[in-house]
Amino acid sequence: MNSQPAVHSVYSSTGSTGSASSLPLPPGFRQPSPRSPTPSQTPAGSTRSSSVLDVSSVNNDQLLDHSHLKPGSKAALLSYTQTINMYRENAKKTNSPDIQCDFAIFMVEAAKPLTNAEDEQARWEYLAEAEKLLKQLASRGHAESQYYLGNLYASGLLSRKGKNEFDKAFPLFVQATKHHHADAAYRAAKCYEDGLGTRKDSAKAIQFYRKAATLSHPGAMYRLGVAEVNGELGLSKNSRDGVKWLKRAAEAATSEYPHAIHELALLHEKGIENVVFVDLDYAVSLYAQAAELGYAPSAFRLGECYEYGKLNCVQDPALSIHYYTIAAQQGHREACFALTAWYLVGSPGILPQSDEEAYVWAKRAAEKELPKAEYAVGYFTEVGIGTPKDPDGAMQWYRKSAEHGDKRAIQRLQGKPGNQKQSKNKKGGNQPDDCTIM
């Protein structure tokens, strides 16, 4: 192999679950993490620590010989292949399913970076070895192996065509749920709700969400809360019980499942009679909590609040730009477009005016099919704001925007360019008076 990924210590975490901008999964599960941590590490939950090795289970025996790393003239680093071989041999020596599962996960992580054509054979060899070992462990009732193998199938990582194999994943999630695996119960519920690998069954979905919720899974508690508040999944509307679930989910929120905090903030903006009182200051504090967890919709909402003085917030350009940036960096298209507006005019001492940056952020929003951003990119390209003039390219963006329903783009394609008298304003910089682009 011409290229090998960096050797990771087998004692370090092999990855993380990442953050969510919406309730995870459908359509298609995300790439599985080496350990999708159970929200509450209680005896009831079966998911272990995110550490690749549970060192306490090795009975103080050194799993790998590190003598080659000792200082001296003979010190040497192991090659990547040697590291894997050593890990494999030592994993075979133990009867611990946890350590064997960790080795399988290590092999999956080793395979992921092998994307070059010359590495393809090694990639599939690693994945095949991991799949075989996980199947063996799963057949013996090892819940973490069942869950992780299910995630691999759902992600399409084990399919040469990249196909999401929910038909294989779903029964594994159900099996792991029987061993009180919170994440598996949540995945099984999502499968039942969306008909992934099984027929849609709202009653079964509720059953598995409740199972996961009893194990303190924040995603499951959030989904139950929303279902109760809105009367979804065959449940009757029960705002009081729904809010209770949302509060529990908010208390257990993580960067992967911050949704309940945001939902509670929305409820405190509008209120629910005799259940949730309107409290705008508290709503802002909840949005801030969710934004700290990296939740893009909450960060965007705060960006709006500090830009326009909403929800009792004092207008603050620095905070507005800060929160828009948090959301935009995660691909929130409205936030990307909001940064376009700020860059068009700048903010003294906070953000320098830059037509080039305005164009970059508008294009990012346009690439996510935000109609008004597509129109703006068309206009920028036509006039030459932050990018060279390109009439043909501009018309392509106008067409995309028109296809997505933007009335200004439709008018532009009909040959109505508008008055070319220029004016400056907060949201558009130099632009025609009747051609507001923001």
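Presented here is an overview of the structure given in this document. Everything quoted here is computed from the prediction, not taken from an experiment. (Residues numbered from 1 in each chain as written. Predicted model: local features only at pLDDT ≥ 70, side-chain atom pairs only at ≥ 80, totals over all residues. Heavy atoms only, no water.)

### Points about the packing of helix α15 (residues 355-367) against helix α16 (residues 371-383)
Viewed as axis vectors pointing N to C, α15 and α16 meet at an angle of 140 degrees, and their least axial separation amounts to 8 Å. Between α15 and α16, the angle falls in the class oblique. Viewed along their axes, α15 and α16 form a crossing whose handedness is left-handed. Counting all contacts with α15, which are made through Ala358, Tyr359, Ala362, Lys363, Ala365 and Ala366, the residues of α16 involved are Ala373, Glu374, Val377, Phe380 and Thr381. Along the lines of polarity and charge, the residues of the contact of α15 with α16 split into eight nonpolar, one polar and two charged. (Axes fitted to C-alpha atoms, helices over the stretch in contact; angles between N-to-C directions. Helix = DSSP H or I, 4+ residues; strand = E, 2+ residues; numbered from the N terminus. Parallel < 35°, antiparallel > 145°, perpendicular 65-115°, else oblique. Left-handed = near helix turned anticlockwise from the far one by under 90°. Contact = heavy atoms within 4.5 Å. Nonpolar A, V, L, I, M, F, W, Y, C, P; charged D, E, K, R; others polar.)

### Side note on helix α5 (residues 166-177)
Here α5 contains twelve residues, and its C-alpha end-to-end distance of 16 Å stays within 8% of the 16 Å for a straight helix at 1.5 Å per residue. Three or more residues of α5 are buried, namely Phe166, Ala169, Phe170, Leu172, Phe173, Val174, Ala176 and Thr177. The inward-facing, buried residues of α5 abut α3 (120-139), α4 (143-155), α6 (182-194) and α7 (202-214). (Expected span 1.5 Å × (residues − 1). Buried < 20%, exposed > 50% of the residue type's maximum accessible area, 1.4 Å probe, protein only.)

### Looking at the packing of helix α12 (residues 296-308) against helix α13 (residues 317-328)
α13 packs onto α12 with a crossing angle of 160 degrees between their chain directions and a minimal axis gap of 7 Å. Compared by their axis directions, α12 and α13 come out roughly antiparallel. Here α12 and α13 pass one another in a crossing that is left-handed. Taking contact as the criterion, the partners of Ala296, Ala299, Phe300, Leu302, Gly303, Glu304, Tyr306, Glu307 and Tyr308 in α12 are, on α13, Pro317, Leu319, Ser320, Tyr323, Tyr324, Ile326 and Ala327.

The analysis is restricted to geometry; functional conclusions fall outside its scope.
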